[in-house]
Amino acid sequence: MSWKRILTLAIAAALGAGAWRAGGWAGLALAASALVLWFLLYYTRLIQVMKRAADRPIGYVGSAVMLNAKLKPRQALLHVIALTQALGERLSPEGAEPEVYRWTDPGGSHVTAEFQGGKLSQWRLERPAAEPQPPAPEESPASATRAS
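What comes next is a walk through the structure. (Residues numbered from 1 in each chain as written. Predicted model: local features only at pLDDT ≥ 70, side-chain atom pairs only at ≥ 80, totals over all residues. Heavy atoms only, no water.)

### Looking at the nonpolar core
Judged by nonpolar contacts, the single largest core of 16 residues is most densely connected at Leu67, Leu71, Trp103 and Phe115. Going through the elements one at a time, helix H2 (25–54), helix H3 (64–70), helix H4 (77–84), strand E2 (99–104) and strand E3 (110–116) are the ones with two or more residues in this core. Looking at which element gives the most residues to this core, the answer is H4, with four residues. (Core = buried A, V, L, I, M, F, W, Y, C linked by side-chain atoms within 4.5 Å. Buried < 20%, exposed > 50% of the residue type's maximum accessible area, 1.4 Å probe, protein only. Helix = DSSP H or I, 4+ residues; strand = E, 2+ residues; numbered from the N terminus.)

### Observations concerning the pairing of E3
Across the seven residues of E3, six count as buried, placing the element largely inside the fold. Here E2 pairs with E3 via six bridges, running antiparallel. Looking at the pairing, Thr104 lines up with His110 of E3. The hairpin turn running from E2 into E3, its antiparallel successor, is five residues long, and Gly108 in that turn takes a positive phi close to 95°. The hairpin turn running from E3 into strand E4 (residues 119–126), its antiparallel successor, is two residues long, and Gly117 in that turn takes a positive phi close to 65°. (Pairing = 2+ DSSP bridges.)

### A closer look at the side chain of Thr112
Secondary-structure assignment places Thr112 in strand E3. Side-chain polar atoms of Thr112 contact the side chain of Arg102, separated by 3.3 Å. Once residues within four sequence positions are removed from consideration, Thr112 is found in contact with Leu91, Val100, Tyr101, Arg102, Gln122, Trp123 and Arg124. (Polar contact = N/O pair within 3.5 Å; in protein donor to acceptor, adjacent residues only side chain to side chain. Contact = heavy atoms within 4.5 Å.)

### Topic: the packing of aromatic side chains
The relative placement of two aromatic rings is captured by the distance of their centres and the angle of their planes. Applying the stated criterion across every chain yields a total of five aromatic pairs. Ring geometry for Trp38 versus Tyr42: centroids 6.1 Å apart, planes at 15°, classification stacked. Here the residue Trp38 and the residue Tyr42 both occupy positions in helix H2, the gap between them amounting to four residues, near one helical turn. Since its relative accessible area comes to 42%, Tyr42 is described here as partly exposed. Between Phe39 and Tyr43, the ring centres sit 6.1 Å apart and the planes meet at 20°, which makes this aromatic pair stacked. Linking Phe39 with Tyr43, this pair stays in helix H2, spanning four residues, or about one helical turn. Taking relative accessible area as the criterion, Phe39 reaches 45% and is therefore assigned partly exposed. Taking relative accessible area as the criterion, Tyr43 reaches 42% and is therefore assigned partly exposed. Taken together, the aromatic side chains of Tyr101, Trp103 and Phe115 make up a single cluster linked through ring pairs. (Phe/Tyr/Trp six-rings, centres within 6.5 Å; stacked < 30°, edge-to-face > 60°.)

None of the figures reported here should be taken as evidence of function without further support.
Next up, the structure:
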């Protein structure tokens, strides 16, 4: 159990004790209602993000460059899915840490993101190599004089 979970449980116990001391059963009921409201708000956000992601192909993003600009360390996977509005293409085996996902745009650029414990630890943008452009044909002096 991580220290964050222990701290969360300690805060919840302290709030429960404070609610009991302030209002007895009514105080506990109010604290429980607040926790249920918080859970329902979180659940609604989760469902909305997944609904939007279900309508898009797996591993697709409109612009990998814009996604790269919006990513920040320690972002939750749910937040990244909300940014891309699509589930990422899973590159790591099931249950392996770190989890690795990739989002690709129509131009072939892609962002590969690693999540450690559900939080973004690192990412990289990869762009396809630019194809060399063939040189433009030069006009010969004879064809230029014929056009005049």
